[in-house]
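# Close look at the chain arrangement
One-letter residues, chain by chain:
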Amino acid sequence: MALYIAVTILALFAAGHIVRPVNGQDALHLSRRAYLSRTCMLLLFLVLFLPEALRVNTGNDYNRYMEFMHLVNSNAYVPTEIGFNTLVKALFALSGFENYILVFAVFAALTIGFFLLAIYEQAEDFFFSFALFMLFGYYFQSYNTVRYYLALAMVTWASRFLVERRYVPFLATVAAAAAFHKSVLVVLLLYPLAVIPWKKWIYAAGAVLCGSFLLLPDFWLRVVVRLYPSYENTPYLEGSSFSLVNIARCVLVLALAFYAGRVGKNAGEDRPAGRNTDSASAAAGEEAAGKRRERFWLHQCLMALAIYLTCSFLPFVSRIGYYLTVSQIFFVPALIRALPEKSAVLPGGKRIMVRRVIRAAAFAAALLFFVSFLRRMSSPTVQILPYRSWVFTERLTTMTEMND
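Throughout what follows, the structure given in this document is the object of discussion.

The rules behind the values
Residues numbered from 1 in each chain as written. Predicted model: local features only at pLDDT ≥ 70, side-chain atom pairs only at ≥ 80, totals over all residues. Heavy atoms only, no water. Helix = DSSP H or I, 4+ residues; strand = E, 2+ residues; numbered from the N terminus. Contact = heavy atoms within 4.5 Å. Areas by Shrake-Rupley, 256 points an atom, 1.4 Å probe, with all protein chains shown as cover. 1 Å grid on protein atoms, 1.4 Å probe; cavity = no way out; pocket = protein on both sides within 12 Å on 5 of 7 lines; lining within 4 Å. Points joined across faces, edges and corners; volume = space filled by probe spheres on them. Nonpolar A, V, L, I, M, F, W, Y, C, P; charged D, E, K, R; others polar. Phe/Tyr/Trp six-rings, centres within 6.5 Å; stacked < 30°, edge-to-face > 60°. Buried < 20%, exposed > 50% of the residue type's maximum accessible area, 1.4 Å probe, protein only. Lys NZ or Arg CZ within 6 Å of the ring centre and 35° of its normal. Salt bridge = Lys/Arg side-chain N within 4 Å of Asp/Glu carboxyl O. Expected span 1.5 Å × (residues − 1). Arc of directions from axis to C-beta. Patch = residues over 30% accessible without salt bridge, like charges linked within 9 Å, V, L, I, M, F, W, Y side chains within 5 Å. Polar contact = N/O pair within 3.5 Å; in protein donor to acceptor, adjacent residues only side chain to side chain. Core = buried A, V, L, I, M, F, W, Y, C linked by side-chain atoms within 4.5 Å.

## Quick look at the overall build of the protein chain
The helix and strand tally for the protein chain stands at 18 helices and 2 strands. Sequence-distant contacts in the protein chain: of pairs separated by 6 or more residues, those separated by 24 or more amount to 74%. For the protein chain, the computed accessible surface area is about 20300 Å², with 64% contributed by carbon and sulfur atoms.

The structure is reproduced here in structure tokens:
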């Protein structure tokens, strides 16, 4: 656990020195700042990449993925997608043996790279968004289910294309992500729905659909089994995926959005108003894009809350939820940044700045979430503790070596 805490602290330190260039800065100052920022970005990538790439037998599905890789290399049937299978075969052929450590390292590099690129390009406050990314556990969860988290990272990065109405790169990225985990195809329905203005009939249709989830769970389970036959007669269809923590997180984010005056504000059309000057048109276009972006994040949070409340009977409902809640790392800082800088007087006469207090409270809530996650790291559903590295311990025997 000490290693993971140290990684988090060092990563946050590096992230605190990363900034994007701002127009109008002095050229010399900008170049020095850019140099420091790029150096810290490289440091940040290495801090996250090395522990994940050097691990062995760390994660609840590490051995299962080793078996998948062996079956892929043996041309046997595996339930994994073509992108994963192709990458495994290529890396094994390049290595000359079943080099599963290299496969895990490549997945780590791609997943971390896409997440960092998404945060750098989309976050209004890089440090705040990255801190939420770490404290919400997205990085450490990527030690498990490596195919899914690569797909999640890819669509998190690609979501900006949908908001910017650049549909071809968005669809291309989703298709590429689906080659590693087909669950990502759900965003082709959820993300376009989230980005458009919602009319009354959409709310009504959503209420009816959520009601059907509550009243007809057996029907929807049959639908899931038809879509994912590998789930049939498995423990995945048993039990409940009800998550009070995820529900509470969505409720708190929506409460913050309501306090910031963002609920209902961006629900209407977002076409820029007709103006004459190019600068005015550009400003109007940026304003419209900002409305689409905030509406996209708000609707994602609403849909995630509805799914967590009504679809807990579905297997891996959290995976669908993560496609919708990952944007909270952008939405929360944007909401706090939009709050007016006003003060309030406490009963004792002390004056406080409301925005700073809310920002501190958001950090505190995320830190509590992280502490709770740290306590679950050794649980059977996570198993990233104890941490093992092939640098200090003997690597696992491959399936081929065991058969020989």
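## Quick notes on empty space enclosed by the protein
All chains considered together, the criterion is met by 3 cavities of 30 Å³ or more. The calculated volume of the largest cavity comes to roughly 50 Å³. Contributing to the lining of the largest cavity are Val155, Thr156, Ser159, Tyr191, Phe296, Trp297, Gln300, Val326, Ser327 and Phe330. At the level of secondary structure, the elements contributing two or more residues to the lining of the largest cavity comprise α8 (146–163) and α14 (278–310). Of the residues contributing to the lining of the largest cavity, the split by class is 6 nonpolar, 4 polar and no charged.

## With respect to the packing of aromatic side chains
Within the structure shown, the criterion is met by 35 aromatic pairs. Plain terms: the ring middles of Phe114 and Trp157 are 5.6 Å apart, the flat faces sit at 50° to each other, and that makes the pair tilted. Of the two residues, Phe114 sits in helix α5 (residues 100–122) while Trp157 sits in helix α8, which places them 43 residues apart along the sequence. What makes Trp157 buried here is its relative accessible area of 16%. With a centroid separation of 5.3 Å and 90° between ring planes, the pair formed by Tyr191 and Phe296 is classed as edge-to-face. Of this pair, Tyr191 sits in helix α10 (residues 187–195) while Phe296 sits in helix α14; the two residues are 105 residues apart in sequence, bridging distant segments of the chain. Exposure class is identical for Tyr191 and Phe296. Each is buried. Through a chain of ring-to-ring contacts, three or more aromatic side chains come together here, namely Tyr62, Tyr65, Phe68, Phe84, Tyr100, Phe104, Phe107 and Phe180. The lysine or arginine in question, Arg55, covers the ring of Tyr143, its NZ or CZ lying 5.2 Å from the ring centre. Geometry around Phe369 places Arg249 over its ring, the cationic atom sitting 5.6 Å from the centre.

## What about the pattern of salt bridges?
Think of it this way: side chains of opposite charge can pair up when their charged atoms draw near. Taken as a whole, this structure holds 5 salt bridges when the rule is applied. One salt bridge connects Arg160 with Glu121, and the closest N-O pair in it is separated by 2.8 Å. Within this pair, whereas Arg160 is found in helix α8, its partner Glu121 is found in helix α5, the two being separated by 39 residues in sequence. Here Glu121 falls in the partly exposed class, since its relative accessible area comes to 29%. Counted as one network, the salt bridges with shared partners bring together Glu121, Arg160, Glu164 and Arg166.

## Quick look at helix α11 (residues 200–215)
The end-to-end C-alpha distance of α11 is 23 Å, a good match for the 22 Å that 16 residues give at a rise of 1.5 Å each. Taken residue by residue, α11 has Ile202, Cys210, Ser212 and Phe213 as its buried positions. Looking straight down α11, one finds that the buried residues subtend no more than 155° of arc, so they occupy a single side. For α11, exposure combined with an orientation more than 90 degrees from the buried face picks out Lys200, Trp201, Ala207, Val208, Leu214 and Leu215.

## Looking at a nonpolar patch on the surface
Taken together, Tyr167, Leu171, Leu185 and Leu188 make up a surface patch of nonpolar side chains, about 370 Å² in accessible area. Relative to the elements of secondary structure, Leu171 occurs in helix α9 (residues 167–178). Given a relative accessible area of 46%, Leu171 falls into the partly exposed group.

## What about the environment of Arg337?
Within the element layout of this structure, Arg337 appears in helix α16 (residues 328–338). With 212 residues separating them in the primary sequence, Arg337 and Asp125 have C-alpha atoms 8.3 Å apart. Discounting residues that sit within four places of it in the chain, Arg337 has contacts with Glu124, Asp125 and Arg355. Only 3.3 Å separates the side chain of Arg337 from the backbone oxygen of Glu124, close enough to count as a polar contact.

## Things to note about helix α17 (residues 354–375)
Here α17 spans 32 Å end to end across 22 residues, near enough to the 32 Å set by a 1.5 Å rise per residue. By the burial criterion, the buried members of α17 are Val354, Ile358, Ala362, Ala366, Phe369, Phe370, Phe373 and Leu374.

## Some points on the nonpolar core
In terms of nonpolar packing, the biggest core is built from 128 residues, with Leu44, Leu48, Phe130, Phe140 and Tyr191 touching the most fellow members. Counting residues per element, this core draws most heavily on α8, at 14 residues. What Phe130 contacts, discounting residues up to four positions off in sequence, is Ala11, Leu12, Ala15, Leu44, Leu48, Leu116 and Ile119.

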